[in-house]
Amino acid sequence: MAAARALPITAALLTGTVALYITLVAFGNITDFGTNQQFVQHVLAMDTTFKDDDLMWRAIESEGLQDAAYIAIIVWETIAALVLIWATFLWFRPDPARARRTSTVGLLMLMLLFGAGFIAIGGEWFAMWQSEDWNGLDAAMRVFLLSAVVLVVIHLPVDRSGAVSGRGTTG
């Protein structure tokens, strides 16, 4: 019986860890709105990049659009946090398939935000990698990889006895 519960408990704890992290991130962005608002403004304005004329046309200098982007990020983070909190709760119920699906949604939300949003769009489209002061690529990569590792763990194949197996996921 202990082996049958090891993976769900591990999945619950890892999902809960990511849920806690993104909840604190969203809470911080809401309660200290200005700090990361400046980050988003500088990245979108590209005002600390190399000022290459071939790239600067991409800059978004409208404060309204910058604020809208930041608010969208906070809303996305908050929804992902709520999904992952719910998923953590579901891991302690006798429905691992639902817990796995819900965890997958929340983790993919984070991977999209930090992978597509921060690494691809922020890092490459807005050339965030060029900035010494407003470069969030390392932090984004950490969250992306953490989410990916948890996603892999929750999708480890489990046989009927609860042991990790080489076959497809059940339950």
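Structure: above.
Before going into details, it helps to say that this report is about the structure given with it. This one's a predicted model, so the numbers in the text were calculated from it and none came from an experiment. (Residues numbered from 1 in each chain as written. Predicted model: local features only at pLDDT ≥ 70, side-chain atom pairs only at ≥ 80, totals over all residues. Heavy atoms only, no water.)

## Topic: the overall build of the protein chain
For clarity, the cut-off: Helix and strand definitions follow DSSP, with helices as H or I runs of at least four residues and strands as E runs of at least two, each counted in order from the N terminus. Burial classes follow relative accessibility: with a 1.4 Å probe on protein chains only, a residue under 20% of its type's maximum area counts as buried, one over 50% as exposed, and anything between as partly exposed. Here, two residues are considered to be in contact whenever any of their heavy atoms come within 4.5 Å of each other. Using the Shrake-Rupley algorithm and a 1.4 Å probe, accessible areas are obtained, with residue cover drawn only from the displayed protein chains. Charged-residue counts in this description rest on Lys and Arg as positive and Asp and Glu as negative, His and the chain ends being excluded. In plain terms, the charge of a residue is placed at NZ if it is Lys, CZ if Arg, CG if Asp and CD if Glu.
For the protein chain, the count of helices and strands is 5 helices and 0 strands. Projecting the C-alpha coordinates of the protein chain onto the three principal axes gives extents of approximately 60 × 30 × 20 Å. Here the protein chain holds 171 residues, and 42% of them are scored as buried. Restricting the contact set of the protein chain to residue pairs at least 6 apart, pairs at least 24 apart contribute 67%. Accessible surface computed for the protein chain: about 9400 Å², of which carbon and sulfur atoms make up 68%. Considering the protein chain, the positive charge centre built from 10 side chains and the negative charge centre built from 15 side chains are found 26 Å apart.

## Focus on the nonpolar core
Definition in use: As used in this record, nonpolar core signifies buried Ala, Val, Leu, Ile, Met, Phe, Trp, Tyr and Cys residues forming a set joined through side-chain atoms within 4.5 Å.
Among the nonpolar cores identified, the biggest contains 40 residues, and Ile22, Leu84, Leu107, Leu110, Phe114 and Ile154 are the most heavily contacted of them. Those elements that place two or more of their residues in this core are α1 (2–31), α2 (33–45), α3 (63–91), α4 (96–125) and α5 (137–154). Of the residues forming this core, the biggest block, 9 residues, is contributed by α3. With near-sequence residues (within four places) excluded, leucine 84 lies in contact with Thr15, Val18, Ala19, Ile22, Ser103, Gly106, Leu107 and Leu110.

## Some thoughts on the environment of glutamate 77
Stated precisely, the cut-off is as follows: Counted as a polar contact is a pair of N or O atoms within 3.5 Å, where, for protein atoms, one must be capable of donating a hydrogen and the other of accepting one, and residues adjacent in sequence contribute only when both atoms are in side chains.
Structurally, glutamate 77 is set in helix α3. In this structure, glutamate 77 is in contact with Ile22, Val25, Ala26, Asn29 and Leu113, ignoring residues within four places of it in sequence. Side-chain polar atoms of glutamate 77 contact the side chain of asparagine 29, separated by 2.9 Å.

## Description of the packing of α2 against α3
Cut-off, in case you're wondering: Geometry is summarised by axes, namely lines fitted to C-alpha atoms with helices restricted to the contacting stretch, and by angles between N-to-C directions that run from 0 to 180 degrees. Angle categories: roughly parallel below 35 degrees, roughly antiparallel above 145, roughly perpendicular from 65 to 115, and oblique for all the rest. Take the far helix as your reference; a near helix turned counterclockwise from it by less than a right angle gives a left-handed crossing, and one turned clockwise gives a right-handed crossing. In this classification, Asp, Glu, Lys and Arg are treated as charged, Ala, Val, Leu, Ile, Met, Phe, Trp, Tyr, Cys and Pro as nonpolar, and every other residue, Gly included, as polar.
Viewed as axis vectors pointing N to C, α2 and α3 meet at an angle of 120°, and their least axial separation amounts to 9 Å. By the criterion of interaxial angle, the relationship of α2 to α3 is oblique. Along this stretch, α2 crosses α3, giving a crossing that reads as right-handed. For the pair formed by α2 and α3, the contact residues are Phe33, Asn36, Gln37, Val40, Gln41, Leu44 and Ala45 on the first element and Glu63, Gln66, Asp67, Ala69, Tyr70, Ile71, Ile73 and Ile74 on the second. Among the residues making up the contact of α2 with α3, the classes are represented as 9 nonpolar, 4 polar and 2 charged.

## Some points on unusual backbone geometry
Positioned with a positive phi, lysine 51 is a non-glycine residue whose angle comes to about 60°. Here lysine 51 shows up in the loop between α2 and α3. Phi is positive for alanine 127, which is not a glycine, with a value near 55°. The topology assignment puts alanine 127 in the loop between α4 and α5. In this structure alanine 127 comes out as buried when scored by relative accessible area, which is 1%.

## Remarks on the side chain of threonine 49
Secondary-structure assignment places threonine 49 in the loop between α2 and α3. Here the side chain of threonine 49 touches methionine 46 through a polar contact of 2.9 Å, landing on its backbone oxygen. Setting aside anything within four residues of it in sequence, one finds threonine 49 in contact with Met56, Phe126, Ala127 and Gln130.

## Topic: the environment of threonine 104
Topologically, threonine 104 is positioned in helix α4. On the basis of relative accessible area, threonine 104 is assigned to the buried category, the value being 16%. A C-alpha to C-alpha distance of 14 Å links threonine 104 and threonine 17, two positions 87 residues apart in sequence. The contact partners of threonine 104, leaving out residues within four places of it in the chain, are Leu151, Ile154 and His155.

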